[in-house]
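The primary structure of each chain is shown beneath.
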Amino acid sequence: MPELQELTDKIKILKDARNILDKEYKETEFHKKKEEHPQSSVPSDPEDEEIYKLLTAIRQLEHYIKKYQDDQFMLIKEETQ
């Protein structure tokens, strides 16, 4: 069971980090422009490089959350058999 608890803890930490970064992103002008005009493309500014890094970090966190959730599911599945 320690392995299951370890996965649960990792998932929680990653979700907390993702939520923090998502909140940061939602406070940016880039996001506000996208919300105002969802169908149009927002022109790039030099400052947008940081926004793209932020979005990339959020995607990476989501990838690892999914990976650990899959691992967690497989572990639970093995334990119930």
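The structure we're discussing is the one just above.
A few points on the structure. Please read all numbers here as calculations on a predicted model, not as lab measurements.

1. What about helix α3 (residues 48–80)?
The α-helix advances 3.6 residues per turn, and as a result positions three or four apart in sequence lie on the same side.
Line of reasoning, step 1. Across its 33 residues, α3 extends 48 Å between first and last C-alpha, which sits within 8% of the 48 Å expected from 1.5 Å per residue.
Line of reasoning, step 2. On the buried face of α3, the contacting elements are α1 (2–26) and α2 (29–36).

2. A closer look at the environment of Asp 9
Line of reasoning, step 1. With respect to the secondary-structure elements, Asp 9 resides in helix α1.
Line of reasoning, step 2. When its relative accessible area of 37% is taken as the criterion, Asp 9 is described as partly exposed.
Line of reasoning, step 3. Taking C-alpha positions, Asp 9 is 30 Å from His 31, a pair spaced 22 residues apart along the chain.
Line of reasoning, step 4. Polar side-chain contacts of Asp 9 include one of 2.8 Å to the side chain of Gln 5.

3. Focus: the packing of aromatic side chains
Line of reasoning, step 1. According to the stated counting rule, one finds two aromatic pairs in the structure shown.
Line of reasoning, step 2. Between the aromatic rings of Phe 30 and Tyr 52, the centroid separation amounts to 5.8 Å while the plane-to-plane angle is 75°, which identifies the pairing as edge-to-face. Of the two residues, Phe 30 is situated in helix α2 and Tyr 52 in helix α3; the sequence distance between them amounts to 22 residues.
Line of reasoning, step 3. Assessed through its relative accessible area of 9%, Phe 30 is described here as buried.
Line of reasoning, step 4. Relative accessible area serves as the criterion here: at 38%, Tyr 52 is assigned to the partly exposed category.
Line of reasoning, step 5. Residues Tyr 64 and Tyr 68 carry aromatic rings whose centres are separated by 6.5 Å and whose planes lie at 40° to one another, so their mutual orientation is tilted. With a gap of four residues between them, Tyr 64 and Tyr 68 both fall in helix α3, about one helical turn apart.
Line of reasoning, step 6. Overall, the relative accessible area of 42% leaves Tyr 64 in the partly exposed class.

Procedures and definitions
- Residue positions are counted from 1 within each chain, in the order its sequence is given.
- Since the coordinates come from a predicted model, pLDDT governs what is reported: local features require at least 70, and pairs of side-chain atoms require 80 or more to be given and counted, while whole-chain, interface and lining totals use all residues.
- In computing side-chain values, all of the structure's heavy atoms are included and hydrogens and water are not.
- Here a helix means four or more residues in a row that DSSP labels H or I, a strand means two or more in a row labelled E, and each is numbered from the N terminus.
- Helix span, expected: 1.5 Å multiplied by one less than the number of residues in the helix.
- Two residues qualify as a contact provided that any one of their heavy atoms is within 4.5 Å of a heavy atom in the partner residue.
- Classification of residues uses two cut-offs on accessible area relative to the type maximum, computed with a 1.4 Å probe and protein chains only: under 20% is buried, over 50% is exposed, and between them is partly exposed.
- Between N or O atoms, a polar contact is any pair within 3.5 Å; within protein, one atom must be a potential hydrogen donor and the other a potential acceptor, and residues adjacent in sequence are included only when both atoms are from side chains.
- Pairing of aromatic side chains here covers Phe, Tyr and the six-membered ring of Trp, requires ring centres within 6.5 Å, and sorts the geometry by plane angle: under 30 degrees stacked, over 60 edge-to-face, intermediate tilted.

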